[in-house]
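Structural overview for review
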Amino acid sequence: QVHLVESGGGLVQAGGSLRLSCRASGVNFRLHPVDWYRQVPGSQREMVARIDSSGRADYSESVKGRFAISRDNVWTTSHLQMNNLRVDDTGVYYCHIKRAGNDLWGRGTQVTVSS
């Protein structure tokens with residue numbers, strides 16, 4: 001059974017940093033790109049970062065230069081380092097892997113940035 005478990009969210013002041021983690025099990029982690037999505041109430045989930053199986057990273061314009069995604073295939077974990085956080089970074093952050101056409105999601109971790 002596949003599990004994606006996010007952690008590391010919390011409350012932080014604007015300008016601060018957080019490091020999110022996504023631990024995967026039950027999936028051949030090293031073969032798949034890993035995405036981080038953000039969702040705010042009333043809006044669809046938006047992808048903020050992606051890292052492919054070779055380690056190449058892409059970011060949405062809103063987080064480019066502030067967030068850094070990484071992966072550790074030994075520990076089947078992806079990290080999202082978030083620096084210089086802004087109030088509009090607030091939301092629930094989800095880890096996502098697409099495998100054989102199926103979307104795999106964790107339960108998310110809440111990030112709240114206060115002004």
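Residues numbered from 1 in each chain as written. Predicted model: local features only at pLDDT ≥ 70, side-chain atom pairs only at ≥ 80, totals over all residues. Heavy atoms only, no water.

Considering the nonpolar core
Of all hydrophobic cores here, the largest spans 25 residues; its most connected members are Trp-36, Leu-80, Met-82, Tyr-93 and Ile-97. Within the residue set of this core, elements represented by two or more residues are strand 3 (18-25), strand 4 (34-39), strand 5 (46-51), strand 7 (67-72), strand 8 (77-82), strand 9 (91-99) and strand 11 (109-114). Among the elements that make up this core, the one with the highest residue count is strand 3 (4 residues). Other than its neighbours up to four places away in sequence, Ile-97 contacts Leu-4, Ala-24, Val-27, Phe-29, His-32, Pro-33, Val-34, Asn-102, Asp-103 and Leu-104. (Core = buried A, V, L, I, M, F, W, Y, C linked by side-chain atoms within 4.5 Å. Buried < 20%, exposed > 50% of the residue type's maximum accessible area, 1.4 Å probe, protein only. Helix = DSSP H or I, 4+ residues; strand = E, 2+ residues; numbered from the N terminus. Contact = heavy atoms within 4.5 Å.)

Quick notes on the state of the cysteines
Across all of its chains, the model carries 1 disulfide by this definition. Across the disulfide from Cys-22 sits Cys-95; the S-S distance is 2.1 Å. Because the torsion about its S-S bond is -75°, the bridge between Cys-22 and Cys-95 counts as left-handed. Placement of Cys-22 in strand 3 and of Cys-95 in strand 9 is noted, with a sequence separation of 73 residues between them. Accessibility assignment for this pair places Cys-22 and Cys-95 in one class, buried. (Disulfide = S-S within 2.5 Å.)

Section: the sheet that holds strand 3
An order of 1-3-8-7 is seen for the 4 strands of this open sheet, with the pairing classed as antiparallel. Edge positions in the open sheet fall to strand 1 (3-7) and strand 7, since each of these has one partner strand only. Ignoring strand direction, the axes of neighbouring strands in this sheet form an average angle of 15°. As paired strands, strand 3 and strand 8 are joined by 6 bridges and run antiparallel to one another. In the strand pairing of strand 8, Leu-20 is matched with Leu-80. (Pairing = 2+ DSSP bridges. Axes fitted to C-alpha atoms, helices over the stretch in contact; angles between N-to-C directions.)

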